[in-house]
Each structure stands twice: as C-alpha cells, then as structure tokens.
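Observations on the model geometry
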Amino acid sequence: MSSKVTAAALLGAGAYTATSTIQAFVAPGQSAAPQEQHQQQQVRRLRAQGAPTEEPASSAALATGAFGIVALSVATGRKRSQRTTKIANRATAVATNVETDCINAIRFLAVDAINKSKSGHPGAPMGQAPIGYLLFAEEMNFNPADADWINRDRFVLSSGHGCMLQYAVLHLTGYSSVSMEDIKQFRQWGSKTPGHPENFETAGIEVTTGPLGMGISNAVGLAAAEAHNAAVYNKPGLPLIDHYTYCIMGDGCMQEGISHESCAYAGHLGLGKLITFWDDNGITIDGHTELSFTEDVGKRFEAYGWQVLEVKDGNTDVAAIRKAIADAKACTDKPTLIKVKTIIGYGSPNKADSHDAHGAPLGADEAQATRDQLGWKYGEFEVPGAVYDVFKGRGAAGAKTQEAWNTLWSEYQKKEPELAKQFQRIAIDKKLPDGFEAALPKATPEDQGKATRLWSQDCINAIANIMPEFVGGSADLAPSNMTLMKCSGDFLKGSYEGRNFRFGIREFGMGAVSNALSMDRTGLVPYCATFTIFSDYMRNAIRLSALAQAGTIFVTTHDSIAVGEDGPTHQ
C-alpha cells in the first residue's frame, strides 16, 4: 500500500422618529392567535409606561433596557387578522440612546455599502447587529493595533455572506485594515472588504468563511487550540492562555452536514469557551425555512452535549443577549449555543422577513424607508462620533488588557523559563526547532522496501519528538493510516494537553477543525488523515486550507490501484 502526504502550506515552515406602524410578525409555522396575544401584551406594556396607543400617527420615547422598541413593518405576503394589525398599528416608539445608534450604525454601514456595490447580503447584518454590537463594544478582548495578539478573543462569522457586519465592527473599533474608504469599496476588485471574509486579506478576520458550516467548524478548532495551549502552558497564577471563541452561524450553517460533525465533536470535548449564536431568522434563499428545515435544533445540540440558551427577541432585547452571554461564560464544561430569534432585514418596511432581504441590495428607496422606520437621521456612510467613541473605547480597553498580559508574560518567563522558551519559539517567533532536518528519518536505495504509510509514520513520530506544536489525528483510521504519535496522549476532555486528536468518523469536520488549529496563529502545526478515497468527504476543507493559507498537512493512504482487496468503494 502506498501513501500520499499533501500540504497546502506548512505554518511552521514559514510554519434609530420611528414611523407609526408596527405590524405583526408571524414566524414560520406560527398561528396568528399567539402573535395577537403577544401584541396585546406589548400594547399593555406601552400603556403602563405612559406611551400613547390610540393615535396611529403618534410616537413615544420608550427605552426597553438600554434599547428601544422599534416600529417595524414586515411585508411577508402572509395573511394576518385585522385585529392583530389594528393592535399592532397602535404601538410606536422612538429610541435615541447611543446604544441604539451603535446598533443602527452597523445596520446602515451594511445597507449603504451593499447598495453602493450593487450586490451583497444586507439582511443578515441588519438582524445580527445587536449581537455584533455587544461582542465588539462590550464583551470581547482585542486590540485593533495588534490583530495577532495571542490572547485575544476569537470571532468567527460562519454566515460569511453577512460579512458587512464584520467589516462594520472592525472599522468602528479602529482596525486600520477597514477604513471608511474600504467600506465604500465593498466587493470591488482589489479591496480589503471582499464578498466573504478572507483571513489572508483583512487583518482582524480570523478565518476564511463563506461555505456554510465551515465557520462554525473552524470555531471548534479555534476553541480546541485554546484548550490545548491552556493545558500545556498555564500554571497556577499564570493564565497565559485564557480567551473565548465566539461564532455567529445561520440557518444554512445549521443544515450543512459539516456543522453536525464538528458540533458533535465540540460537545464530546466539552469546549466550555466556545460560545455560538444561532441567528434564527427562518429565511434562506428559497424562502422560509419551513420548506426544508423543521427539526428541533435545541434538542439536537443538547444531545451533542451543549448548553442551549434562547433569546426570543434578538432585534431589540439587548439585555437578554447580554445575559445569555454571561450564562454561557458561567458554564465551563460545555460549549454554548444561544438561539437568537431575529428578523432578517430588520427595519426594512417592505423587505424584512423575506428572502428579498437576503442576497440583494435594498435599493435607494427602501434604504431611505428603512432610515425613516428606524429613525436614523444620518446620511450614507455617516456615523455619529458618539458611536465611534463607544466602539473605539472597547478597542482601547483591549490594548490595556494586552499590556496586562505582557506583564504576565514577563513574570511567566521568570517563573517558567523552559516553557517560556518553548512558547517564545512556537507561538511568538513561529520558528521550527533547531536540528529539524537532521531529526528526520533517512533512507537509502539499499534499505528494505516497506509501505510508504510506514515511512510516513516514521516521519510523523520523528517530527513529534522534537516539535511539541505538532498536533493531529485521523478519522478513526489511525492504525491504518499509521498516524498515531507515540510520544503523546490523546486530546480529550480532561486531557487537553494531549496531541493525538481522535476526530472520529468525521472527515469534513476533521479538515475544518485542523485548518483552524493552524489559523489560531499560535504556532500549532496540524495534520489529519484518512483513506485517499474518503478525502472526497472533506474536499472543501482541503480547498479552504489552500485558499486561506492554513498550513494543514493532509495525510491520505490506501490509494493503490494495484492492490485493492476492499474494492473501488475504498481504494
């Protein structure tokens, strides 16, 4: 039997006055009666707080937490009861606080950039904006001046088509990689704001996403990298590696098979620092998801071993999202899925909650109508200074957090000199160890022939002995692929320091997780293995590895056409 060892690259070698109308939103499969009851409750709350409810043309200032109830008209083409609409038409509100402006700034940067480019996906960032605001203005630790700071929190936009969300928050927080001019050049040739996030193009983008499900799988890999590095390097009082991985995924990501593979694996590993938001807006390109997607996703993830939380109104209830994040962090032995119910294209009077908001610009008229609806009084690409102050304030706080980490690193070097030296070479300098080539096995024409997968095994174990950053495994084929590292234990819940990854029979998920181990940019050099014929299962992960310059080493065996007892299904 022969083997093929392929490498795309080797990291180690180079290595909101709102309008007076709010219409009922009836979710897919939901009857109008419960929605009518919800609207009645909403009106009662408005009355209780002194808001006028009898005149349709009136509007009232009402803060719900730090966020306002938005007057929203949703055109879905569905029948609604006259009473529901009548009740809904009474409820109006105006929000003028800075937090709302921060959220709407994200929305309208997306709307304006996509209109200018005449292509793109405005609906997702309009619905996900409150999540993006909380992460980048409150929760995450990052330093815009040093996008590669080792202990930064990681963020992955698995629904990569909504990348204007990510470009908007990178710009607002002060990343030099995304200027306002870059925003205006969205989707243009040679710009730093391509149509899907590309880690090799834009500083602040962790991984290349777009193919649905790939991003959440990468997020699993980033969380695994954090768990491994923390287990290897952290000592009492010296938490050198201590950060979270956040991910936003959509309905499409939930449906792709790769998300099943990688999320099951994450639950098995108990990756407690992985926090994922499901943007549950019920819309795909074909229409409402009830056409093809009706499973109970929450139960599915609970079965995987995840904590599952829910935010019933992700459009306005910022406080609920904030609480969900806190609850997620409190659960340290399970990854967390936060189901956030949103409306795609939120604020658009005529396109919200429809596939029309998914993959095409709103257009100038609808953009203005959305501005009127949300009370956004600013022009195209105009952002109030108070918004910049909030976001950049978080970036400045991140810089101070990095300064504190630098102090910790200095102390670590004194107290743990040997591990510090290893960390310096691997995570900071990203250099191969001295004597790397000399440690590789030698062969001559006189040596007795043996299966090339056995030569591969010799190479893997020689490298493993001198490179603690060398990590990887097989899709349940380690004894056949000959890919087990004899000098290390298994990477499992409770033994994250191990370097042998037991991916199970999950080739596609394995490839994506392995890519992210490299794209974590802490110097890990990952490999993964399967039979050559089964590499077809993970072909898109292999392609993304090359495109994203990940550095994953793909080992495939049993490719012989001369010896094939298993037949054409396997060889």
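Residues numbered from 1 in each chain as written. Predicted model: local features only at pLDDT ≥ 70, side-chain atom pairs only at ≥ 80, totals over all residues. Heavy atoms only, no water.

The helix and strand inventory of the protein chain stands at 18 helices and 15 strands. Expressed as a percentage of its 571 residues, the buried residues of the protein chain come to 58%. Surface summary for the protein chain: the accessible area is close to 22,400 Å², and the carbon and sulfur share equals 51%. (Helix = DSSP H or I, 4+ residues; strand = E, 2+ residues; numbered from the N terminus. Buried < 20%, exposed > 50% of the residue type's maximum accessible area, 1.4 Å probe, protein only. Areas by Shrake-Rupley, 256 points an atom, 1.4 Å probe, with all protein chains shown as cover.)

Before going further, it helps to spend a moment on the packing of aromatic side chains. Tallied over the full model, the rule gives 22 aromatic pairs. Judged by centre distance (6.1 Å) and plane angle (85°), the rings of Tyr 133 and Phe 391 are edge-to-face. Within this pair, whereas Tyr 133 is found in helix 4 (residues 123–139), its partner Phe 391 is found in helix 13 (residues 385–415), the two being separated by 258 residues in sequence. The exposure classification of Tyr 133 matches that of Phe 391, with both residues buried. Feature note: the residues Tyr 233, Trp 405, Trp 409, Tyr 412 and Phe 423 constitute an aromatic cluster, connected by ring pairs. Looking at Lys 329, its charged tip hangs above the ring of Tyr 244, at a distance of 5.0 Å from the centre. (Phe/Tyr/Trp six-rings, centres within 6.5 Å; stacked < 30°, edge-to-face > 60°. Lys NZ or Arg CZ within 6 Å of the ring centre and 35° of its normal.)

Let's shift gears to the sheet that holds strand 5 (residues 245–250). Reading across the sheet, the five strands line up as 4-5-6-10-9 and stay open at both edges, with parallel pairing between neighbours. Only two strands of the sheet have a single partner each, and these edge strands are strand 4 (154–157) and strand 9 (307–311). Strand-to-strand twist in this sheet, taken as the mean axis angle between neighbours without regard to direction, amounts to 20°. Relative to strand 10 (residues 336–341), strand 9 runs parallel, the two sharing five bridges. Looking at strand 10, one finds that Val 311 is bridged to Val 340. (Pairing = 2+ DSSP bridges. Axes fitted to C-alpha atoms, helices over the stretch in contact; angles between N-to-C directions.)

Bringing unusual backbone geometry into the picture now. Even without being glycine, Arg 187 reaches a positive phi, approximately 70°. Mapping Arg 187 onto the fold places it in the loop between helix 6 (180–184) and helix 7 (214–233). Taking relative accessible area as the criterion, Arg 187 reaches 29% and is therefore assigned partly exposed.

Put simply, helix 4 and helix 5 (residues 164–173) touch, their axes get as near as 10 Å, and they point 35° apart. By crossing handedness, the relation of helix 4 to helix 5 is classed as right-handed. Across from Pro 125, Gln 128, Ala 129, Gly 132 and Phe 136 in helix 4, the residues of helix 5 making contact are Leu 165, Val 169, Leu 170 and Thr 173. (Left-handed = near helix turned anticlockwise from the far one by under 90°. Contact = heavy atoms within 4.5 Å.)

Time to look at the environment of Gly 174. Counting through the fold element by element, Gly 174 comes out in the loop between helix 5 and helix 6. Separated by 31 residues in the primary sequence, Gly 174 and Asn 143 have C-alpha atoms spaced 9.0 Å apart.

Quick look at the pattern of salt bridges now. Using the criterion set out here, one finds 20 salt bridges in the structure. Across the salt bridge formed by Glu 206 and Arg 152, the nearest N and O atoms sit 2.8 Å from each other. Residue Glu 206 is found in the loop between helix 6 and helix 7, and its partner Arg 152 is found in the loop between helix 4 and strand 4; the two are separated by 54 residues along the sequence. For Lys 273, the salt bridge is made with Asp 242, and the minimal N-O distance between the two is 2.3 Å. Here Lys 273 is found in the loop between helix 9 (257–269) and strand 6 (274–280), whereas its partner Asp 242 is found in the loop between helix 7 and strand 5, with 31 residues between them in sequence. A single network of salt bridges, built from pairs that share partners, joins Asp 148, Arg 152, Glu 206 and Arg 521. (Salt bridge = Lys/Arg side-chain N within 4 Å of Asp/Glu carboxyl O.)

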